[in-house]
Amino acid sequence: MTFTPAPALSGTVGVPGDKSISHRSLMLSALAVGESRVEGLLEGEDVLATATAMRAMGATIERDEAGIWHIHGVGVGGLLQPETALDMGNSGTSTRLLMGLIASHAITATFTGDASLSKRPMARVTQPLSLMGASFTASPGDRLPLTMRGTCPAVPLDYRLPVASAQVKSAILLAGLNTPGITRIVEPIPTRDHSERMLRGFGADLNVDIEPDGTRIITLTGEAELHPQQIVVPGDPSSAAFPIVAALITPGSHVTVTNVGLNPTRAGLFDVLLSMGADLSFSNRREVGGEPVADITARYGPLTGIDVPPDVAPSMIDEFPILFVAAAFAKGRTRTSGLDELRVKESDRLTLMATGLARIGARVIETEDGLVIEGTDGAPLPGADSPPLITASLDHRIAMSFAVAGLATRGGLTVDDMRPVATSFPGFVAMLRSLGALP
Ligand code: S3P
């Protein structure tokens, strides 16, 4: 699909439900006895993969005509043996969190995924879950396809996270739900805390202590009983990032995105954009589903390059591709570092962003753990006469980031494959069109 220079974007849009919260709402509802209802669930391929897997393990999950999802759970410890392999598609979150759930059940399950997911490392979860008693037969490099055998009762774990990963933390917590005793996780660098919030909301006995240096100690009492909930999923800040940056770099734009989740463990991009001088305003601040939410208005205006402190990375880990796009239009240099994790996302996001941005005329240097970008000070990037092809490599966020970048080029660009966008933001192209960005 080709993205060409856009006139000013204007309008008010909503974004789909938060992907992380949507996965967790299906998983925890599937473990509560009785009916939970979820409103605003992200109906993207990743979350639907979680729904299919939870059904395969005994939960009843239905969507009504009003778009409300009704989930009848099996109770903690009640998951059933799936009859066929669990196809996780592109979804790392489904895979790693479900491995946690299965680890403390006497279930054997095989996980498969697409070419992108099959390249991603799974040792970060198989290692701690093995300590709890689960066993794994993985493809070389601890990758999918992988077969695991859970165990019941599992052994409670006391674990210091070696990598800042909410997926690893959540896998262990979910395993801990059906494990006797106390599961304890030491989290030196805070990552998104949706699992902790939602587990408490479902009635689990979970505590978080914060030490003076910011380390979080999370304790969960196992053999929990979860009570069905009514959940409203806030809009995904990771999806809101795209129309917001589109407005910041396209002259004359003025865009409002409503109902954006602003959990402090997720909102790092907006702080970084503000320190680059972005014209962002936040209104209608409120709470939705136990998470802080606001409407965000973005107006086109000058951005200035900054050194992005590496410690904000976990709070915007999925937003670096679109931040790199914003940086390419800023005045001066933006330096990022400490981003090794970006190399093991749906793609190697450092290399793909560096290559793609260079192809449309940005000045980028790729380092071992970040990018250094010299911005254009608001001028459009050249693009090319015959639009250069950008490779998205089955990575939805790469595809959307370059779609946005294309709006502020002179020559436009073509993204080779926009289909991966359906994993997290099925209405992305329609949203751009409604803002006037596409013919
Ligand atoms: C997620 C955690 C992050 C993030 C992913 C969703 C989650 O992954 O990149 O998109 O829902 O827990 P890591 O845990 O690998 O950082």
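Residues numbered from 1 in each chain as written. Predicted model: local features only at pLDDT ≥ 70, side-chain atom pairs only at ≥ 80, totals over all residues. Heavy atoms only, no water.

Draft legend 1. Seen up close, the layout of surface pockets. Its volume calculated, the largest pocket comes out at about 580 Å³. Considering the residues around the largest pocket, the lining is formed by 34 residues, among which A164, S165, A166, I317 and K345 are closest to the centre. The biggest single contributor to the lining of the largest pocket is helix α1 (residues 19-29), with four residues. Within the lining of the largest pocket, the residues separate by chemical class into seven nonpolar, eleven polar and 16 charged. Counting the residues that make up the lining of the largest pocket, at least three belong to each of domain 1 (2-16 + 234-434) and domain 2 (19-232). (1 Å grid on protein atoms, 1.4 Å probe; cavity = no way out; pocket = protein on both sides within 12 Å on 5 of 7 lines; lining within 4 Å. Points joined across faces, edges and corners; volume = space filled by probe spheres on them. Helix = DSSP H or I, 4+ residues; strand = E, 2+ residues; numbered from the N terminus. Nonpolar A, V, L, I, M, F, W, Y, C, P; charged D, E, K, R; others polar. Domains from an automatic or database assignment.)

Draft legend 2. The sheet that holds strand β9 (residues 143-149), seen in detail. The strand order across the open sheet built from four strands is β6-β7-β9-β8, with neighbouring strands paired in mixed fashion. Two strands lie at the open edges of the sheet, namely β6 (86-87) and β8 (135-139), each paired on one side alone. Helix-sheet contacts for helix α3 (residues 92-103) involve β6, β7 (108-112), β8 and β9, and the interaxial angle to β9 is about 15 degrees. (Pairing = 2+ DSSP bridges. Contact = heavy atoms within 4.5 Å. Axes fitted to C-alpha atoms, helices over the stretch in contact; angles between N-to-C directions.)

Draft legend 3. Looking closely at the sheet that holds strand β22 (residues 413-415). Strand order in this open sheet of three strands is β1-β22-β21, and the pairing throughout is mixed. Strand pairing shows two members of the sheet lacking a second neighbour, β1 (2-3) and β21 (389-390), which therefore form its edges. Relative to β22, β1 runs antiparallel, the two being bridged by two bridges. By the bridge assignment, T2 is partnered in β22 with T414. Packing against the sheet, helix α11 (residues 396-407) makes contact with β1, β21 and β22, and its axis sits at approximately 165 degrees to β22.

Draft legend 4. Summary view of the side chain of E346. Following the sequence through the fold, E346 ends up in the loop between β18 (333-335) and α10 (349-359). Among the polar contacts made by the side chain of E346, one reaches the side chain of R349 at a distance of 3.0 Å. With near-sequence residues (within four places) excluded, E346 lies in contact with N90, S116, R120, S393, L394, D395 and H396. (Polar contact = N/O pair within 3.5 Å; in protein donor to acceptor, adjacent residues only side chain to side chain.)

Draft legend 5. Examining the site of the ligand more closely. Residues in contact with the ligand amount to 13 residues; listed here are only the nearest, S20, R24, S165, D318 and K345. Residue A166 places a main-chain N or O atom 3.0 Å away from an oxygen atom belonging to the ligand. Measuring from an oxygen atom of the ligand, one finds a side-chain N or O atom of D318 at 2.6 Å. For the ligand, whose accessible area on its own is 390 Å², the fraction buried by protein is 95%. With respect to the pocket detection grid, the ligand is positioned in the largest pocket. Its residues assigned to classes, the shell around the ligand shows three nonpolar, four polar and six charged. Two domains each donate at least three residues to the shell around the ligand, and these are domain 1 (2-16 + 234-434) and domain 2 (19-232). (Near = heavy atom within 4 Å. Areas by Shrake-Rupley, 256 points an atom, 1.4 Å probe, with all protein chains shown as cover. Sits in = over half its atoms within 2 Å of the grid points.)

Draft legend 6. Spatial organisation of the domain arrangement of the chain. Partitioning the chain into structural domains gives domain 1 (2-16 + 234-434) and domain 2 (19-232). Taking only C-alpha atoms, the centre of domain 1 and the centre of domain 2 are 29 Å apart. Interface of domain 1 and domain 2: buried area, both sides summed, is about 2100 Å²; carbon and sulfur atoms make up 51% of it. At the boundary of domain 1 and domain 2, one finds three salt bridges. Where E346 meets R120, a salt bridge forms, and the shortest distance between an N and an O atom there is 3.9 Å. Counting across the interface, domain 1 meets domain 2 through 14 residue pairs in polar contact (both at pLDDT 80 or more). Put simply, the parts of the chain that give the side of domain 1 that touches domain 2 at least two residues each are β17 (291-299) and α11. A per-class count over the side of domain 1 that touches domain 2 returns eleven nonpolar, seven polar and eight charged. (Buried area = accessible area lost by both parts, 1.4 Å probe. Salt bridge = Lys/Arg side-chain N within 4 Å of Asp/Glu carboxyl O.)

Draft legend 7. Geometry of empty space enclosed by the protein. A full pass over the atoms with the stated rule returns two cavities of 30 Å³ or more. In this structure, the largest cavity spans a volume of roughly 50 Å³. Around the largest cavity sit R24, M27, L28, L97, L174, S195 and L199, which together line it. When residues of the lining of the largest cavity are assigned to their parent elements, the largest contribution, three residues, is made by α1. Classifying every residue of the lining of the largest cavity by side-chain character gives five nonpolar, one polar and one charged. Considered as a void within the structure, the second largest cavity measures approximately 40 Å³ in volume. Along its surface, the second largest cavity is lined by D18, I21, H194, P234, P237, G261, L262, N263, R266 and E291. Classifying every residue of the lining of the second largest cavity gives four nonpolar, three polar and three charged.

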